[in-house]
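Survey of secondary and tertiary structure
Chain by chain, the residues:
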Amino acid sequence: MTQLRTVQVLGGGSAGSSAHVRSLAAGLVARGVRVTVCAPADVDRAYDYRGTGARFAPVPRRSDPLTMGALRAACAGADVVHAHGLHAAVRTCLALGGLPVPLVVTWHTRGSGDGGRDRLLRLLERRAARGADVVLATCSELVDRARARGARDARLAPVAAPRAAGPPGGRPDKTRAELGSTGRPLIVAVGSLDAHRGYGTLLDAARRWRALDPAPLLVVAGEGPLRAALQGRIAREDLPVLLLGGRDDVPELLAAADVAVLPSRWEARSVLAQEALRLGVPLVATAVGGVPELVGPAAELVPYGDAEALADAVAGLLADPARRGELARAGRAQADGWPTEDDTVAQVLSVYDELTGGAGPLPL
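Residues numbered from 1 in each chain as written. Predicted model: local features only at pLDDT ≥ 70, side-chain atom pairs only at ≥ 80, totals over all residues. Heavy atoms only, no water.

Some details on the pattern of salt bridges
Opposite charge on two side chains permits them to pair, given that their charged atoms come into close proximity. Worth spelling out the cut-off: The salt bridge criterion pairs a side-chain nitrogen of Lys or Arg with a carboxyl oxygen of Asp or Glu, the two atoms within 4 Å. Partly exposed residues are those whose accessible area sits between 20% and 50% of the maximum for their type, while under 20% is buried and over 50% is exposed, using a 1.4 Å probe and protein chains only.
Counted according to the given criterion, the structure contains 22 salt bridges. The salt bridge involving arginine 50 is made with aspartate 44; its shortest N-O contact spans 2.3 Å. Overall, aspartate 44 belongs to the buried group, its relative accessible area being 7%. For aspartate 173, the salt bridge goes to arginine 171, with nearest N and O atoms at 3.2 Å. Given the relative accessible area of 47%, aspartate 173 is considered partly exposed. Through salt bridges with shared partners, a single ionic network connects Asp204, Arg207, Arg233 and Glu237.

See below:
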């Protein structure tokens, strides 16, 4: 049996898709697949794709002729090309023009915009959906969206968030002391400081929590373009909120939390939600996108943009230790039913096998 050759293509490289490609590359290499990852050089520096045994071909973010030529050259000898994300998918469709290479596209999330931007996103989605032999979508809503955009074959393919090597290190009481949360509840949110994360609503809720005794501390781990605006509002309104910036100890932060919050406008398979439920941390999240099917009955769900509902749900949990315990147990049980990284690799390999007529290796 000949060695299956696959190229994994990333565009800008969001944290979720970049981590997934690293996990997928490692699993494929372990099964005897020859893997090449095409991505911007800084993404490889952050995720070390070469460390999985994969080859790496740097492809800049810009879409000039030289970039498209480099991508086409990297894909020319592949048995299957797999693009991750909308922009990577469109660029790959263009680069593969005329090459008889099957294309798989994974939709990890969806774009959003108003007016002209929304129309452009629809055009890009149609190009990506119709140019792919198979679209793999991380939640049911994205499967429906891909089909509506003209995908010939769209399938649900939940992406497993890579597990930490073991339980979080350190001590929760030490983490709480370092954050200034000794003797008061700790609420944790994680995610880039972007408009779609719903942090404006979260700060509205934090203003309501000041009336609680003791008033909880909200900490937000993440960096992004809204930092200055959010920090200015926190200072003006004297909100009990700390913006921590980017952190590499998110499991430790979550393990110290009384409640985790996810106020986003839209999510597919939120890494924060997965980490919180695995750790048994009670979660309050917006009922959007793939969140309800991800968490099932193991989280409190509220409407997006409803600060009162968010504040009340968190306050209710802080006042009810028994309910927090129920959610902790339910969260771990829900997480036990999610696909593992091995499951994800096996599903992807089965798709490759279909497209190549069984030329590749069998899953371990």
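Having seen the model, we can carry on.
Brief notes about the sheet that holds strand E4 (residues 80-84)
Under the convention used in this document: When DSSP finds at least two bridges between two strands, those strands are taken to pair. Numbered from the N terminus, helices here are DSSP runs of H or I no shorter than four residues, and strands are runs of E no shorter than two. Every angle, taken between N-to-C directions, lies between 0 and 180 degrees, and every axis is a line fitted to C-alpha atoms, over only the stretch in contact when it is a helix. It only takes one pair of heavy atoms within 4.5 Å for two residues to be counted as in contact.
Taking strand neighbours across the sheet as the criterion, the 7 strands line up as E3-E2-E1-E4-E5-E6-E7 in an open arrangement whose pairing is parallel. Every other strand in the sheet has two partners, leaving strand E3 (55-58) and strand E7 (154-156) as the edge strands with one partner each. Averaged over all neighbouring strand pairs, the angle between strand axes comes to 20 degrees, with direction disregarded. Of the pairings in the sheet, the one linking strand E2 (residues 34-39) to E3 comprises 4 bridges and is parallel in character. Within the sheet, the bridge partner assigned to valine 37 lies in E3 and is phenylalanine 56. Strands strand E5 (103-107), strand E6 (134-137) and E7 of the sheet are contacted by helix H6 (residues 140-148), whose axis makes an angle of about 180 degrees with E7.

Comments concerning the packing of aromatic side chains
Put simply, the test is: Two rings from Phe, Tyr or Trp (for Trp, the six-membered ring) form a pair when their centres sit within 6.5 Å of each other. Planes less than 30 degrees apart are called stacked, planes more than 60 degrees apart edge-to-face, and all others tilted.
Enumeration according to the criterion identifies 2 aromatic pairs in this entry. Each ring, one from tyrosine 47 and one from tyrosine 49, has its centre 6.3 Å from the other, and the planes form 20 degrees; the classification is stacked. On the basis of relative accessibility, which here comes to 23%, the residue tyrosine 47 falls in the partly exposed class. With a relative accessible area of 0%, tyrosine 49 lands in the buried category.

Details of the pairing of E2
Worth spelling out the cut-off: By definition, the crossover connecting two strands over a helix is right-handed if that path, from the first strand to the second, turns clockwise as seen with the strands pointing away from the viewer.
For E2, a buried count of 5 out of 6 residues is recorded, marking the element as mostly surrounded by other parts of the structure. Running through helix H2 (residues 41-47), the crossover from E2 to the neighbouring parallel element E3 is right-handed.

Description of helix H3 (residues 65-75)
So the rule is basically this: Taking the helix axis as origin, the arc is that swept by the directions to the C-beta atoms.
Three or more residues of H3 are buried, namely Thr67, Met68, Leu71 and Cys75. Along the long axis of H3, the arc covered by the buried residues comes to 95 degrees, so they all point the same way. Set apart from the buried face of H3 by more than 90 degrees, the exposed residues are Pro65, Leu66 and Ala73. At its buried positions, H3 is contacted by strand E1 (5-10), E2, E4 and helix H4 (86-95).

Brief notes about unusual backbone geometry
A cis amide bond links aspartate 213 to the next residue, proline 214, at an omega of 0 degrees. Mapped onto the elements, proline 214 comes out in the loop between helix H8 (199-209) and strand E9 (217-221). The phi dihedral of aspartate 48 is positive, around 50 degrees, even though this residue is not glycine. Mapping aspartate 48 onto the fold places it in the loop between H2 and E3. Positive phi is not limited to glycine here, since aspartate 238 has a value of about 50 degrees. Among the structural elements, aspartate 238 can be located in the loop between helix H9 (227-237) and strand E10 (241-245). Look at aspartate 238 and you get exposed, because its relative accessible area is 61%.

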